[in-house]
Amino acid sequence: MNELWLVLTPLIAAAAAAAWPRNATRPWFLPATGLVHAGLALALLWRPPPTPLHAWLGWDALARAMLPAVSLLFLGCAAYGVPYLRLRAERSNRVFVAGFLAALGLISAAHMARHLGLLWIATEAVTLACVPLLHFNDTPRAYEATWKYLLVGSTGIALSLLGSFCLGYASRHGGGTGNLTFAALMAQGAGLSRPWVLMAWVLLLVGYGTKMGLAPMHTWKPDAYGEAPGIVGAMLAGGVTTVAFTAVLRVRAVVEAAGAGRVASLTLLAMGLFSMLIAALFLLSTRDFKRMLAYSSVEHMGILSLGAALGGAGVWAAFFHVWNNSMTKGALFLSAGNLRRAAGGRTMDEVSGMACVTPRSAALFVAGLFAVTACPPFGPFFSELLVLRTAFATGRGWAAAIWLGCLLLAFCGLTRVVFSIAYGRPRRAARQLGRQFPETLGVIAPPLGLLLLALWLGVATPQILLDAWTAAVAQLASPP
Amino acid sequence: MTDHLNLLIGLAMGLNLVALGSSRLPSLIRVAAFQGVVLGLMPLVMEPELGVLAGLIASATVLMKGLVIPGLLRRAMRAARIERDLAPLIGFLPSLLLGAAGMMGAVALARQLPLLPEHRNSLLVPGAAATVFTGLLLLVGRTKAISQVCGYLILENGIYLFGLLLLGSTPLLVEGGILLDLTVAVFVTGIIVDRIQRAFDSLDTRKLTALHE
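Residues numbered from 1 in each chain as written. Chains lettered and ligands numbered in written order. Predicted model: local features only at pLDDT ≥ 70, side-chain atom pairs only at ≥ 80, totals over all residues. Heavy atoms only, no water.

**With respect to the overall build of chain B**
Note the following rule: The way it works is that DSSP assigns letters per residue, a run of H or I at least four long becomes a helix, a run of E at least two long becomes a strand, and they are numbered from the N terminus. Throughout, the radius of gyration refers to the C-alpha atoms, and the reference size of a globule is 2.2 Å times the residue count to the power 0.38. The rule is simple: take the accessible area with a 1.4 Å probe, protein chains only, and divide by the maximum for that residue type; under 20% is buried, over 50% is exposed, in between is partly exposed. Contacts between residues were defined by any pair of non-hydrogen atoms, one from each residue, lying within 4.5 Å. In summary, the charge assignment counts Lys and Arg as positive and Asp and Glu as negative, without counting His or the chain termini. For the purpose of locating charges, the reference atoms are NZ of Lys, CZ of Arg, CG of Asp and CD of Glu.
If you tally the helices and strands in chain B, you get seven helices and zero strands. Each helix and strand of chain B, placed in order from N terminus to C terminus, yields the pattern α-α-α-α-α-α-α. Rg of the C-alpha trace for chain B: 17 Å, near the compact-globule value of 17 Å for 213 residues, within the 12% margin. For the C-alpha atoms alone, the extent of chain B along its principal axes is close to 50 × 35 × 30 Å. Expressed as a percentage of the 213 residues in chain B, the buried residues total 55%. In chain B, of all internal contacts separated by at least 6 residues, the share reaching a separation of at least 24 is 78%. Between the mean site of the 16 positive side-chain charges and the mean site of the 13 negative ones, chain B shows a separation of 11 Å.

The following block contains the structure:
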């Protein structure tokens, strides 16, 4: 039952943080919980406990392949959170810390949810736990972003509930007993009523796709990522999106077992390519470096969707990419937070020459840019190469060609923004603000650590992860 | 039994049209609340043999959808001192027509889908589809935050209707969790509506345009 502590520890810590009286010491709950959670997740990665087939919540191969990445990302964000919240000492961080910890517990629950209803409950709860994090900056813009996040996100998640009901009805119509665990649904396989399965797939893909931020349901993303503090953006881009991706994979496995795998693959392929295209086009026009990260996230969700569409080796590559995406997005958002504070602005028009003002953060941001645009030797290069090879091997060369075109455009768009804020003459405002926000070890080490992890994943992917991803692919492919 | 149920569903579908046609926020809130109460009664009519379970679900739904949530919305409305959604993106007449078309589409859709014998004569599936469509229409077509929340409530009502198809075969824990989540969602939305009102001095979501490309 060790895996239950992945859910309970953060939730208990959240309650304790909410009750903690001192604003100054409360942020320490973050790294403490992060350490426990990461330790537990890594221990479970090495020694996975057996999961009963029909357990509602369990450390199965899929959770094992994904959750440790989120756990490591959280640890990085949590370490950054202490110095960050010290800079924001004038504000109460009670709701923020509690919400951040609760989000971790609920993300863990959603990754381990093996029941259709439980998965939905956990995903919706994650969405809600993130709301107070988004408007922590307390500006009208932050409230606007929160409103859009809530409205688009709630509608999407409501549609996924409808989709879950449809899948439940498909099972009942096919003579199911009302056991809505994914294992039971996969075992029912072709017995599921096909029209209902297709309906469920469309609704669930739209619903969880909204949470992932696949185009055209990505509209909340630039606003939310642009307005949220860096650590929240990192957790949203590298943690919450993975929850929705796990959900899509679990549902897709059921749809495939029901004999509609081709439809599922085609829709995933189309949405993946569309997301990459939209992201590439917006990356060429955006001038705000935090919104830029959001579009980059849309692009990477497109890559995950493409990988999932290709099946087999593509799904394996998608797991690899989940890890790379979480680490690089973490490094980028945290260093972007440093830049944003010291620059006092967020667009290319307001910010330049950050390499002189905050040299370390700027260096990290530029290195992160190379990582996220899949330059070797960082991890994303290898995972994207693998998706590409799978696309060619499965006869989808045209998709690979479109994708490569989008990657090129995205590269141009990203380098345009990043170089223009990093180099050139610094503005006067930034010179003064830069002195107020020195680059302490506390705000440099976490993004550096995450970037090094992305590098390590690229040059020496640990054997245990390779095995975990293979096991997860096997779990998705075969009905129990 | 199916007749009683169909009567209630028909009532809920009629309320959809009333919601689409009403410009005054208090009446929109009242419609959403009344629809919630109608929905809450359905489990009692559907499966009398379920007894305690149906009673629990029914009373929780009526309490939440009929009293707590509308009360919250009314408070927000009074704080914002607005009564009407005067300039919707989709006018009242077009949205009524769209709603009626959606209702027909829902019936056509329900005929295409295979149903269990016990659901063949019920209006649950078309009712659910039409209500979901109405909710989406209100979400997209209205400009005041409170009307959009009402749209979301009606969307949720549609999903609840569909969920009734699975009544008895989903565990109580799941039903309870779903209800809890949705309630918290509306609470959180209420808080954000309040903050938007304070930050922008308006609940017109068209004014939320600082963020764009």
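**Describing the overall build of chain A**
Helix and strand counts for chain A stand at 21 helices and zero strands. What you see for chain A is a C-alpha radius of gyration of 21 Å, in line with the 23 Å of a compact globule of 480 residues. Each of the three principal axes of chain A carries a C-alpha extent, and together these read 70 × 55 × 40 Å. Looking at chain A residue by residue over its 480 residues, the buried ones come to 66%.

**Focus on the interface of chain A and chain B**
The cut-off we apply is this: By buried area we mean how much accessible surface two parts lose on assembly, using a 1.4 Å probe and totalling the loss over both. For this document, the term salt bridge refers to a Lys or Arg side-chain nitrogen within 4 Å of an Asp or Glu carboxyl oxygen.
Taken together, the contact between chain A and chain B spans 45 residues of the former and 48 residues of the latter. Summed over both partners, the interface of chain A with chain B comes to about 4100 Å²; 76% of that surface belongs to carbon and sulfur atoms. Three residues, Trp-147, Tyr-169 and Arg-172 of chain A, lead the burial of chain A against chain B; their summed loss comes to 18% of the area buried on that side. Across the chain A-chain B interface, the total number found is one salt bridge. Here Arg-172 of chain A ties to Glu-118 of chain B by a salt bridge, and the two come within 3.1 Å at their closest N and O atoms.

**Considerations on a positive patch on the surface**
Residue and element names in this part refer to chain A. What counts, and what does not: Surface patches are defined over residues having more than 30% relative accessible area and no salt bridge, joining like charges when they lie within 9 Å and nonpolar side chains (Val, Leu, Ile, Met, Phe, Trp, Tyr) when within 5 Å. Methods summary: accessible areas were calculated by the Shrake-Rupley approach with a probe of 1.4 Å, and residue burial reflects only the protein chains presented.
A cluster of like positive charges, contributed by Arg-425, Arg-428, Arg-431 and Arg-435, occupies part of the molecular surface. Within the secondary structure, Arg-425 is located in the loop between helix H18 (397-422) and helix H19 (428-436). With a relative accessible area of 70%, Arg-425 lands in the exposed category.

**Side note on the pattern of salt bridges**
Pairing of side chains with opposite charge becomes possible as their charged atoms draw close. All names here are of chain A. With the rule as written, the count across this model stands at 13 salt bridges over all chains. When the shortest N-O distance is used, the salt bridge between Arg-287 and Asp-349 registers 2.8 Å. Highlighted residues: Arg-287 in the loop between helix H12 (261-285) and helix H13 (289-310) and Asp-349 in the loop between helix H14 (313-343) and helix H15 (354-357), separated in sequence by 62 residues. The class of Asp-349 is partly exposed, set by a relative accessible area of 43%.

**Quick notes on a nonpolar patch on the surface**
Residue and element names in this part refer to chain A. A cluster of nonpolar residues, Phe-274, Leu-277, Leu-281, Leu-284 and Leu-409, forms a patch on the protein surface that exposes about 380 Å² of accessible area. Of all the elements, H12 adds the most residues to the nonpolar patch, at four residues. With respect to the element layout, Leu-284 can be found in helix H12.

**A few points about the side chain of Glu-124 of chain A**
With respect to the element layout, Glu-124 of chain A can be found in helix H5 (residues 116-129). Despite its burial, Glu-124 of chain A pairs with no opposite charge; the closest candidate is Lys-211 of chain A, at 7.5 Å N-O. In this view, Glu-124 of chain A contacts Ile-157 of chain A together with Tyr-152, Asp-181 and Ala-185 of chain B; residues no more than four positions away in its chain are not counted.

**As for the packing of helix H1 (residues 2-21) of chain B against helix H2 (residues 25-46) of chain B**
Residue and element names in this part refer to chain B. Basically, it comes down to this: Geometry is summarised by axes, namely lines fitted to C-alpha atoms with helices restricted to the contacting stretch, and by angles between N-to-C directions that run from 0 to 180 degrees. Note that the term roughly parallel is reserved for angles under 35 degrees, roughly antiparallel for angles over 145, roughly perpendicular for angles of 65 to 115, and oblique for everything else. In this scheme the handedness of a crossing depends on how the near helix is turned from the far one: anticlockwise by less than a right angle means left-handed, clockwise means right-handed. Gly counts as polar in this scheme, as do all residues outside two lists: the nonpolar Ala, Val, Leu, Ile, Met, Phe, Trp, Tyr, Cys and Pro, and the charged Asp, Glu, Lys and Arg.
Contact pair H1 / H2: the axes reach a minimum separation of 10 Å and the direction vectors enclose 165 degrees. Between H1 and H2, the angle is such that the two are roughly antiparallel. Note on packing geometry: the crossing formed by H1 with H2 is left-handed. Taken together, the residues of H2 that come into contact with H1 (itself represented by His-4, Leu-5, Leu-8, Ile-9, Leu-11, Ala-12, Leu-15, Asn-16, Val-18 and Ala-19) are Leu-28, Val-31, Phe-34, Gln-35, Val-38, Leu-39, Leu-41, Met-42, Val-45 and Met-46. By residue class, the composition of the contact of H1 with H2 is 17 nonpolar, three polar and no charged.

**Looking at helix H9 (residues 194-212) of chain A**
Where we set the bar: Helix span is expected to be 1.5 Å times the residue number reduced by one.
A rise of 1.5 Å per residue sets the reference length of H9 of chain A, with its 19 residues, at 27 Å; its end C-alpha atoms lie 26 Å apart and thus fit the reference within 8%. Immediately beyond the C-terminal end of H9 of chain A, within one or two residues, lies Gly-213 of chain A, with a positive phi of roughly 90 degrees.

**With respect to the environment of Arg-111 of chain B**
Residue position: Arg-111 of chain B is located in helix H4 (residues 92-112). Arg-111 of chain B sits 14 residues away from Val-125 of chain B along the chain, and the two C-alpha atoms are 9.2 Å apart.

**A few points about unusual backbone geometry**
All names here are of chain A. Cis peptide bonds are those with omega within 30 degrees of zero, and the linkage from Ala-215 to Pro-216 qualifies with 5 degrees. On the secondary structure map, Pro-216 appears in the loop between H9 and helix H10 (220-227). In this structure, the amide linkage connecting Pro-376 to the following residue, Pro-377, adopts the cis form with an omega of 5 degrees. One can find Pro-377 in the loop between helix H16 (359-372) and helix H17 (379-393). Notably, Asp-138 is not glycine yet its phi reads approximately 60 degrees, a positive angle. Note that Asp-138 resides in the loop between helix H6 (131-134) and helix H7 (140-173). Given a relative accessible area of 47%, Asp-138 falls into the partly exposed group.

**Quick look at the nonpolar core**
In plain terms, the rule: Only buried residues count toward a nonpolar core, which is a set of Ala, Val, Leu, Ile, Met, Phe, Trp, Tyr and Cys residues joined through side-chain atoms within 4.5 Å.
By size, the foremost hydrophobic cluster in this structure holds 249 residues, and its most contacted members are Phe-319 and Phe-365 of chain A. Apart from residues no more than four positions distant in its own chain, Phe-319 of chain A is found in contact with Leu-62, Ala-65, Met-66, Leu-249, Trp-469, Ala-472, Val-473 and Leu-476 of chain A.

**Let's talk about the packing of aromatic side chains**
All names here are of chain A. To keep things clear, this is the line we draw: Any two of the Phe, Tyr and Trp rings considered here, Trp counted by its six-membered ring, make a pair once their centres fall within 6.5 Å; the pair's planes then place it as stacked at under 30 degrees, edge-to-face at over 60, or tilted in between.
This structure, assessed with the given rule, holds 21 aromatic pairs over all chains. With centroids separated by 6.2 Å and ring planes inclined at 70 degrees, the aromatic side chains of Trp-316 and Phe-320 adopt a geometry described as edge-to-face. Taken as a pair, Trp-316 and Phe-320 lie in helix H14 at a separation of four residues, close to a single helical turn. With a centroid separation of 6.4 Å and 65 degrees between ring planes, the pair formed by Trp-323 and Trp-469 is classed as edge-to-face. Taken as a pair, Trp-323 in helix H14 and Trp-469 in helix H21 (residues 463-477) lie far apart in primary sequence, 146 residues in all.

**Quick look at the state of the cysteines**
Our working definition: Note that a disulfide, as used here, is simply two cysteine sulfur atoms within 2.5 Å.
By the definition in use, this model includes zero disulfides over all chains. The thiol sulfur of Cys-406 of chain A is not disulfide-bonded, and the nearest other cysteine sulfur, from Cys-412 of chain A, lies at 12 Å.

**Structural notes on the environment of Gly-102 of chain B**
Residue placement: Gly-102 of chain B occurs in helix H4. Separated by 31 residues in sequence, Gly-102 of chain B and Gly-71 of chain B place their C-alpha atoms 29 Å apart.

**What to know about the side chain of Ser-193 of chain A**
Tracing the backbone through its elements, the reader meets Ser-193 of chain A in the loop between helix H8 (182-188) and H9. Leave out the neighbours within four places in its chain, and Ser-193 of chain A touches Ala-170 and His-173 of chain A together with Pro-114 of chain B.

**Structural notes on the environment of Asn-23 of chain A**
Residues and elements named next belong to chain A. Filter applied, for reference: For this analysis, a polar contact is any N or O atom pair within 3.5 Å, provided that within protein one partner can donate a hydrogen and the other can accept it, and provided that sequence-adjacent residues contribute only side-chain to side-chain pairs.
Of note, Asn-23 is situated in the loop between helix H1 (4-19) and helix H2 (29-46). Residues Asn-23 and Arg-94, spaced 71 residues apart in sequence, show a C-alpha to C-alpha distance of 7.1 Å. In contact with Asn-23, other than residues within four places in its own chain, are Ala-89, Arg-91, Ser-92, Asn-93 and Arg-94. In this structure the side chain of Asn-23 is engaged in a polar contact, spanning 2.9 Å, whose partner is the backbone oxygen of Arg-91.

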